[in-house]
Each structure stands twice: as structure tokens, then as C-alpha cells.
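Now for the letters of each chain:
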Amino acid sequence: HSHDHKPKAKRWDHHVSHEALIRKGNSLKQAAKYLGKPGLISLGGGLPSSEYFPFAELNLKVPTVGHFSESETKESGITITAGKHDLAQDKSIFDIATAFNYGQGSGSAQLLRWITEHTELVHNPPYSDWRCTMSIGSTSALDMALRMFTRPGDLILSEEYTFATAVETAAPMGLRVTGISMDEQGLLPDSMDHILATWDVKARGARKPHLLYTVPTGQNPTGATQSADRRREIYRVCQKHDLYILEDDPYYFLQMQPYTGPNSPDILPPSSHSEFLKSLVPSLLSIDVDGRVMRMDSFSKVLSPGSRIGWVTASEQIVHMYQMHADVSTQGPAGMAQLILWKLLDEHWGHVAYLDWLIHIRMEYTRRRDVIMQACEKYLPKEVVSWKPPMAGMFHWLRIEFRQHPDYPSKSIETIEEEIFMRVIEHGALVMRGSWFYANNEEEHDTLFFRATYAAAPAEKIEEGIRRLGEAVRAEFGLKG
Ligand code: PMP
Ligand code: PLP
């Protein structure tokens, strides 16, 4: 086995919660291991007979390789079929009768195998006992991970602006988040080191943090992407202070072509799969020699959010705990969704064609990003709005010089933010308020941002939306347009 020369992961008993340590797993599910015995007649598990599933066949029209657009799929797409008893009839290794019944918390063996191979191809974790297990998307994975790694009263670390859902998941568990200062490459390792090195339990009212939640690529909301060097520095600080890392990376494959500026020639797409993979910033998982990262991947941004399928990758100890929790909670993702993804990813495309799809997505997002960059260049007043072109993800982060607002300082940052927000809506556009993404709204903030996405609207609407934003900001700051 190719992992054999790699070291084993460290153990995390000292960081996991009491709940996770004492959970024994689902005894009914564990009986499934005997089903492999030839000739065994199961009067055991309360699985309904597939006879009573009112579904005989599933047909899906999907793109053929290299013809990925909606219109091409309509014309040249092919229909793939899942039958009810394909397994018994030796037509396939996955079918309706199996997928639509109860399964294990890890998800089906069929799709899990594909996911594990994909993870090895892309991240190849540098320790031997890594495992994958399916999640119901990263929203659920984070919820479960926080229950596994924290207790009420803990403070966890994250970027100072972060995914609002993460904070909202943590707060009712009695957790607080401390924000780490950031630049366009995400959180600053020295700042994190300083927070940890000078931690004062009494003043902070919490034990020293042992958990970092980070979104390393195309961060939500800032669009920041940690460079490879930045990731290595962050990892080193986590080793120094024995932090466990929750790597939430749904935008990994929304890494785009380099931004070349308005009206300059495009950069050619990656010419091979290996060039494509090399162009991606290495994940924290891929540099994780200690097994201190739980990486959360998701199909939401690259196939479909409604699939509700993602996966976590971590050491065997941690994945086993996660799986035991899943067995008594979410169970695996819906079998219906698993069958659909498996048919597409394994039986129809395979790993190589999936990389072609990911390159397609990369080029599509690059085009959208370039549209919003050009619109910003054209319509936004640079005296008060500034930005860095995002390298990944779906978010564009716009900095507003609130000190130039006519009512500053008699009005607070928050009031000015609110007024701009309402004014933008009056002008017929919607952007998100930066303050909605504070890791901790009790900490001091002296920046004002808005988040705009280029993921959803068609090109001409993106341009018009940014024009309206520019108009609203000019009106708000009393600038000539
Ligand atoms: N509650 C009871 C009493 C059950 O018997 C079962 C199924 N064995 C469940 C809950 C699980 O239901 P579901 O498949 O909807 O999670
Ligand atoms: N994590 C981050 C940082 C996100 O931005 C999002 C989507 O908005 C999610 C997780 C949700 O992912 P999923 O659909 O896999 O639950």
C-alpha cells in the first residue's frame, strides 16, 4: 500500500469533547458487518424490502465529456440509467434497491471509494491513517465537528471576517470566536501566534484556544486565498500551540486563472490535468504531517448544493468519531443523491473527466470574475472604494473609506454602513454588509466592507448591478458621477 512509509497521525484525546470520547456508536448498525457471511439469512436489521420502494428506474441526462455547457448538454448529453436491481443482475455495482435503503453513516461504499480516490489524487495527505467519510455538506460537518472538539465556554479562532453560519452554529453551543487580523492572503500567522502566546485565561475568560476554523481558499466573505507559504506558516503556528484545524474549503476548485487586468489577453487554460492540479494551492490537509486537520469538502459549489453531499477527511480516530455520530444523527447523505452522483462521477465520468469538469468551472468563474472587475474599474469611485481581484471563490470584497463620508465621525461606522446598504437597495442593487460577517461583534472594528458575488447573475446584470452600486456610493458620499 502506497501509504505505508508515511507516519501515523497523532491522537487527539486531549482535544475532543467528553461527548465524542464516550460515544459508543450504533449497535444496530454494527450488526451490518455480519451480512457479508455467505448464505446468511437476515432476520436482523429492520430494513424495509425494496419491493416496497415505488421507484423502478432512474434516468439522468448529463453532459458528455468536453461538452459541458447547458445548451450542449441539451443537444449532445447522454442519458444514464439506474435500475432497481442492477447489482443482482450484474449490470452495475450500485442500484436503486441498495442506494434507497438504509446505509452506514459514512455513506455508501461505492461513492465513498470514489471520494477517497479523488482525495488521494488531489491532496495525498502525508500521513498513513487518513480516512474519508461523507457529510450532509459542510454546514452539517461543521456543526458536528464543533460538538466533537469543543465544550461550552471555549473560544475558537477564525479569520476576523468569517462565514456567518459558522459563528451562528457556534454561539448557542456556548462558544465565542476570536477574529485574527487578515490581509488579501487571509489570516496573519504572526497575529495568531501573538494572540496565543499572550493568552491570559483570566482576562479572556476562557482556556487557551485549541481550535482554528479557517476557510483557506476564496474565503467567505473576503475572497482571500492563503498562498502556499501562508498555509505553511499557519500550520507551523498551529503545531507550536497544538491547535487542531477545521479546514472548511468549499471553494477549492473555484481557483481561477490569474487576473491580468482590464482589456489584457486571457491566460490559456491549463493544458493538462497535471498542470491543472499543480496550479492549485496545496490544501492544509496536503501538508498535514500530524493529522491535525479535519478537512471539509463539499459538492455544493462544483456540482449542486441540493445534493447535500460533502465529505470530511481526517485521521482514522477522528473520522471514526464522526462516523459514529453520523450513525445516530444525520446518517449518510440521502441515498437518492448518492446514487445520482455516483452514476455521474464514477460510472459515467471517472476521475479524469471530473477534472475536465472542474477546469470548465474554473474557466466559467474566471470569466465572471473578469466581468465584475471590469465593471468595478468602470463604475466605482476609486476615491472611496478599493479592492483586490479575488483569485478564488465567488466573492468580491469592496473596501469603503468611511472616513471620507460627509457624516463621519458624527455617525458611527455601523450607521454609515447601514445608510450605504439602504441607499444601494434604493438604487436597485443588493450587496451584503461586511459587519454581518464579524467573527466577534464585540471586538473593535475600524474597517467597512461590502461583499458582492459574481456567482449568480448573468454578465450584463453583474455590470448593471455594479453601475447602480457606484451611483449609490457617489450619492451617499456626495461625489460627482
Ligand atoms: N425512530 C424509530 C422508533 C425507528 O424505528 C426508526 C427507524 N428504525 C427511526 C426513528 C429512524 O428513522 P429515519 O430513517 O427517519 O431516521
Ligand atoms: N462553508 C463555507 C465557508 C461556505 O461559504 C458555505 C456556503 O455558503 C458552506 C460552508 C456551506 O456548504 P455546504 O453546502 O456544503 O453545507
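Residues numbered from 1 in each chain as written. Chains lettered and ligands numbered in written order. Predicted model: local features only at pLDDT ≥ 70, side-chain atom pairs only at ≥ 80, totals over all residues.

The name an unreviewed UniProt entry assigns to the protein is aromatic-amino-acid transaminase, from the organism Zopfia rhizophila CBS 207.26. Here the protein is described in UniProt, under the heading Sequence similarities (unreviewed entry), as follows: "Belongs to the class-I pyridoxal-phosphate-dependent aminotransferase family." The Cofactor (unreviewed entry) field of the UniProt record for the protein holds the comment "pyridoxal 5'-phosphate". (UniProt positions renumbered as here; feature names shortened; annotations may be inferred.)

In this section: the overall build of the protein. From N to C terminus, the protein includes 15 helices and 15 strands. Taken over C-alpha atoms, the radius of gyration comes to 24 Å for the protein, in line with the 23 Å a tight globule of 481 residues would show. Principal axes of the C-alpha set define a box for the protein whose edges measure 80 × 65 × 40 Å. By the burial criterion, 43% of the 481 residues in the protein qualify as buried. (Helix = DSSP H or I, 4+ residues; strand = E, 2+ residues; numbered from the N terminus. Rg over C-alpha atoms; globule rule 2.2 N^0.38 Å. Buried ≥ 20, exposed ≤ 12 C-beta atoms within 10 Å, placed from the backbone.)

Moving on, we come to the UniProt feature "domain: Aminotransferase class I/classII large" (unreviewed entry) in the protein. Sequence positions flagged by UniProt for "domain: Aminotransferase class I/classII large" (unreviewed entry) are, in local numbering, residues 93-469. Within residues 93-469, the helical portion is 40% and the strand portion 15%, while the C-alpha atoms at the span's ends are 53 Å from each other.

Domain assignment breaks the protein into domain 1 (18-29 + 104-257 + 266-333), domain 2 (48-101 + 335-367) and domain 3 (380-477). With centres defined by C-alpha atoms, the gap from domain 1 to domain 2 works out at 27 Å. Every contact between the two is made by 25 residues of domain 1 and, on the other side, 19 residues of domain 2. Of all the secondary structure elements, the ones that give two or more residues to the side of domain 1 that touches domain 2 are helix H5 (109-122) and helix H11 (273-279). With six residues, H5 is the largest single contributor of residues to the side of domain 1 that touches domain 2. Here the residues of the side of domain 1 that touches domain 2 sort into 14 nonpolar, nine polar and two charged. (Domains from an automatic or database assignment. Contact = placed C-beta atoms within 7 Å. Nonpolar A, V, L, I, M, F, W, Y, C, P; charged D, E, K, R; others polar.)

A rise of 1.5 Å per residue sets the reference length of helix H6 (residues 138-149), with its twelve residues, at 16 Å; its end C-alpha atoms lie 16 Å apart and thus fit the reference within 8%. Those residues of H6 not exposed but buried are Ser138, Thr139, Ser140, Ala141, Leu142, Met144, Ala145, Leu146, Met148 and Phe149. (Expected span 1.5 Å × (residues − 1).)

Right, let's talk about unusual backbone geometry for a bit. Along the chain, asparagine 220 connects to proline 221 via a cis peptide bond; the corresponding omega equals 15 degrees. Its place among the elements puts proline 221 in the loop between strand E8 (211-214) and helix H10 (228-240). A cis amide bond links tyrosine 408 to the next residue, proline 409, at an omega of 5 degrees. Take proline 409: it is sitting in the loop between strand E13 (395-400) and helix H14 (413-426). At aspartate 242, a position not held by glycine, the phi torsion is positive, near 50 degrees. Within the secondary structure layout, aspartate 242 lies in the loop between H10 and strand E9 (244-248). Within the chain, glutamine 331 stands out as a residue other than glycine whose phi angle is a positive 55 degrees. As for its placement among the helices and strands, glutamine 331 is situated in the loop between helix H12 (316-327) and helix H13 (335-379).

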